[in-house]
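Notes for the structure review
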Amino acid sequence: RYLRRAEKDDALALAQLINLAGEGMPLHIWRSMAGEGESVWDVGQRRARREEGSFSYRNATIAMSGKEIAGALVGYPIGGAPEAIDRDTPALFVPLIELENAALNTWYVNVLATYDRFQRRGFATALLEEAARQARAAGIRQMSIIVTDRNERAIRLYRKQGFREIEHRPIAKDGWTTDSEHYLLLIKDL
């Protein structure tokens, strides 16, 4: 097992793993973004290949099991200024932006996911440790992550790693099918 920086060629795996981490919400969003003749996975890959933006290969770390991609981390700093929530911000994003605004000056773990066949083998823990290393290297003293209330396995992992719940918001489903009712903002001191 080893970790490496993501590359543009990892775009399909990154799209798949962000969809796993987002419990299907990314596919829901990408459907509305798909152009003529473009699949939802094409949209996800296009976004992963971007040079800028939060969901970019540049913010990603890949966990490898031999020659296979086992999981991924997408993390970056949240600055000190809150993001504005305009009237035209889609309802789906409002609670997420509110929680990110409650996590200013933290290293934000936007995506942490492993493929099912690699779960319970230490990849997520290794990726969280890498996120903490990246945060410390950037001079940041806290990490943040948002998780849904029904993702019990992830919540157990995060609590075991020292994260604690700070705030929560109701999920605005806006056509997204999920059993979860709330987003939980978890913070960890480094």
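Throughout what follows, the structure given in this document is the object of discussion. (Residues numbered from 1 in each chain as written. Predicted model: local features only at pLDDT ≥ 70, side-chain atom pairs only at ≥ 80, totals over all residues. Heavy atoms only, no water.)

Glancing now at the pattern of salt bridges. One side chain can pair with another of opposite charge once the charged atoms of both are near each other. Applying the stated criterion across every chain yields a total of 11 salt bridges. The shortest N-O distance in the salt bridge between aspartate 189 and arginine 164 comes to 3.6 Å. Of this pair, aspartate 189 sits in strand β7 (residues 182–189) while arginine 164 sits in strand β6 (residues 164–170); the two residues are 25 residues apart in sequence, bridging distant segments of the chain. Residue class for aspartate 189 comes out partly exposed when judged on its relative accessible area of 44%. Given the relative accessible area of 37%, arginine 164 is considered partly exposed. Shared partners join several salt bridges into a network, and the residues in it are Lys8, Glu51 and Arg58. (Salt bridge = Lys/Arg side-chain N within 4 Å of Asp/Glu carboxyl O. Helix = DSSP H or I, 4+ residues; strand = E, 2+ residues; numbered from the N terminus. Buried < 20%, exposed > 50% of the residue type's maximum accessible area, 1.4 Å probe, protein only.)

Moving on, we get to helix α6 (residues 152–160). Listed as buried for α6 are Ala154, Ile155, Leu157 and Tyr158. Viewed along the axis of α6, the buried residues span an arc of 160°, placing them on a single side of the element. The exposed set on the far side of α6, more than 90 degrees from its buried face, consists of Arg156 and Lys160. Buried positions along α6 lie against β4 (107–114), α5 (123–137), β5 (142–148) and β7. Just past α6, the residue glycine 162 takes up positive phi, approximately 100°. (Arc of directions from axis to C-beta. Contact = heavy atoms within 4.5 Å.)

Glancing now at unusual backbone geometry. Backbone geometry at glutamate 23 places phi at a positive 50°, although glycine is not the residue there. The residue glutamate 23 is located in the loop between α1 (11–21) and α2 (25–33) in this model. The exposure class assigned to glutamate 23 is partly exposed, which follows from its relative accessible area of 27%.

Reading across the sheet, the 7 strands line up as β1-β2-β3-β4-β5-β7-β6 and stay open at both edges, with mixed pairing between neighbours. The two strands at the open ends of the sheet, each matched to only one other strand, are β1 (2–5) and β6. Looking at each pair of strands side by side, their axes are set apart by 25° on average, direction ignored. Bridge count between β1 and strand β2 (residues 60–65): 4 bridges; the pairing is antiparallel. (Pairing = 2+ DSSP bridges. Axes fitted to C-alpha atoms, helices over the stretch in contact; angles between N-to-C directions.)

The next thing to look at is the packing of α1 against helix α3 (residues 40–48). Axis angle and axis distance: for two packed helices, these are the angle between their axes and the distance between the axes, and together they describe the pair. The N-to-C vectors of α1 and α3 enclose an angle of 110°; their axes lie 8 Å apart at closest approach. Classified by the angle their axes make, α1 and α3 are roughly perpendicular. Within the contact between the two elements, α1 uses Ala11, Leu12, Leu14, Ala15, Gln16 and Asn19 and α3 uses Trp41, Gly44, Gln45 and Ala48. Residues of the contact of α1 with α3, tallied by class, amount to 6 nonpolar, 4 polar and no charged. (Parallel < 35°, antiparallel > 145°, perpendicular 65-115°, else oblique. Nonpolar A, V, L, I, M, F, W, Y, C, P; charged D, E, K, R; others polar.)

Take the packing of α1 against α2 next. Where α1 meets α2, the axes come as close as 6 Å, and the angle between the chain directions of the two elements is 120°. When α1 is examined against α2, the residues Ala15, Ile18 and Asn19 are found in contact with a partner set consisting of Met25, Pro26, Leu27 and Trp30. In the contact of α1 with α2, the residues fall into 6 nonpolar, 1 polar and no charged.

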